[in-house]
Amino acid sequence: MNNKIIIANWKTYLSVFESEEIVREVLKFVKKQKDMPELVFCPTFTAIPSVAKIIGGSGKMKLGAQNMNWRDRGPFTGEVSPITLKEFGCEFVILGHSERRVHYHETDLEIHERIKLALEYGLIPVVCVGETAEERRAGRRDEVVRRQVTESLGILDLKGSERIIIAYEPVWAIGSGQAVAADDVESSHMSIRQTIIDNYSESEFNLHFQIIYGGSVDAANLEGFLEKEIVSGVLVGSASSRTESLISIIDGCINY
């Protein structure tokens, strides 16, 4: 059984109509497949209802959101509640993406509050961490990523089948067309894994956590990442917003 995951983060690349079109085309492809990776679409908030209708009960495709508020109700103009996400069938939510950290000044503490609330509502948090180019050049990659993991997760009382996905996304690689070397990704993932074990335990890591890679992922470099046992899948940005490219990535994950 294929146990890898592909999460398509469409950011604001697609209109509602374009989102519907790509999901319909991908659905035609996945219906023919027997062994599928876990496939998650994260459209803009306004496209979630339309995408949810197309996905329906296919079982081969799942729905996620690109962010959510750190409180479920209240005077938070312009924010989206986890209640609404659940109403439309979302199972996943991306939290702490570097674009949110940079453009909207989200802190690890705020991300921690979102993680707690997401788990409370039965959503699977996809928590993004990663260093900038300057931090990498200064040899601070592991220090920065370990701090982000530690402070974003905090101490959580994880129960049952609760699940958290950590997405290692170096800030300098996102949208640059320059992905990290697979061996380097493996090293970063090992550091993240050890950080979680240090703060929780190895058994809790095995029960509740996965680590995936994001940052200029495409069909050409996909196999190198998936060959690393510790890499549970990929978070894909712009390459997932084109039908042919996304299908190639799914096909590559099926056949790697």
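About the thresholds
Residues numbered from 1 in each chain as written. Predicted model: local features only at pLDDT ≥ 70, side-chain atom pairs only at ≥ 80, totals over all residues. Heavy atoms only, no water. Helix = DSSP H or I, 4+ residues; strand = E, 2+ residues; numbered from the N terminus. Rg over C-alpha atoms; globule rule 2.2 N^0.38 Å. Buried < 20%, exposed > 50% of the residue type's maximum accessible area, 1.4 Å probe, protein only. Contact = heavy atoms within 4.5 Å. Areas by Shrake-Rupley, 256 points an atom, 1.4 Å probe, with all protein chains shown as cover. Lys, Arg positive; Asp, Glu negative; His and termini not counted. Charge placed at Lys NZ, Arg CZ, Asp CG, Glu CD. Pairing = 2+ DSSP bridges. Right-handed = clockwise from strand over helix to strand, strands pointing away. Axes fitted to C-alpha atoms, helices over the stretch in contact; angles between N-to-C directions. Parallel < 35°, antiparallel > 145°, perpendicular 65-115°, else oblique. Left-handed = near helix turned anticlockwise from the far one by under 90°. Nonpolar A, V, L, I, M, F, W, Y, C, P; charged D, E, K, R; others polar. Salt bridge = Lys/Arg side-chain N within 4 Å of Asp/Glu carboxyl O.

## Focus on the overall build of the chain
If you tally the helices and strands in the chain, you get 11 helices and eight strands. In summary, the chain has a C-alpha radius of gyration of 17 Å against a globular reference of 18 Å for 256 residues, a match within 12%. Considering only C-alpha atoms, the chain reaches an extent of 45 × 45 × 35 Å along its principal axes. Evaluated residue by residue, the chain yields a buried proportion of 55% over its 256 residues. Restricting to contacts in the chain with at least 6 residues of sequence separation, those with at least 24 account for 73%. Counting only carbon and sulfur atoms, one obtains 49% of the accessible surface of the chain, whose full area is about 11600 Å². One way to put it: in the chain the 28 positive side-chain charges average out to a point 4 Å from where the 37 negative ones average out.

## Notes on the pairing of strand S3 (residues 62-65)
Two strands pair when backbone bridges link them, and strand S2 (residues 38-42) and S3 are joined in this way by two bridges, in the parallel orientation. Within the sheet, the bridge partner assigned to Val-40 lies in S3 and is Lys-62. Considered for its hand, the β-α-β crossover made up of S2, helix H2 (residues 48-55) and S3 is right-handed. Judged from the two bridges that link them, S3 and strand S4 (residues 92-95) form a sheet pairing that is parallel. In the sheet register, Ala-65 faces S4, and the bridge partner there is Val-93.

## Here we look at the packing of helix H1 (residues 16-30) against H2
For the pair H1 and H2, interaxial distance at closest approach is 9 Å and the crossing angle is 20 degrees. In terms of orientation, H1 and H2 fall into the roughly parallel class. Crossing handedness for the pair H1 and H2: right-handed. Residue-level contacts link Val-16, Ser-19, Glu-20, Val-23, Arg-24 and Leu-27 of H1 to Ser-50, Val-51, Ile-54 and Ile-55 of H2. Looking at the contact of H1 with H2, its residues break down into six nonpolar, two polar and two charged.

## Details of the pattern of salt bridges
For the structure shown, the criterion picks out 22 salt bridges. Residue Glu-38 pairs with Arg-163 through a salt bridge whose shortest N-O separation is 2.6 Å. Of this pair, Glu-38 sits in strand S2 while Arg-163 sits in the loop between helix H7 (141-153) and strand S6 (164-168), and the two are 125 residues apart along the sequence. What makes Glu-38 buried here is its relative accessible area of 17%. Taking the shortest distance from any N to any O, the salt bridge between Arg-146 and Asp-198 comes out at 3.2 Å. A residue pair is termed long-range when its members are at least 10 positions apart, and Arg-146 in helix H7 and Asp-198 in helix H8 (residues 182-199) qualify at 52 residues.

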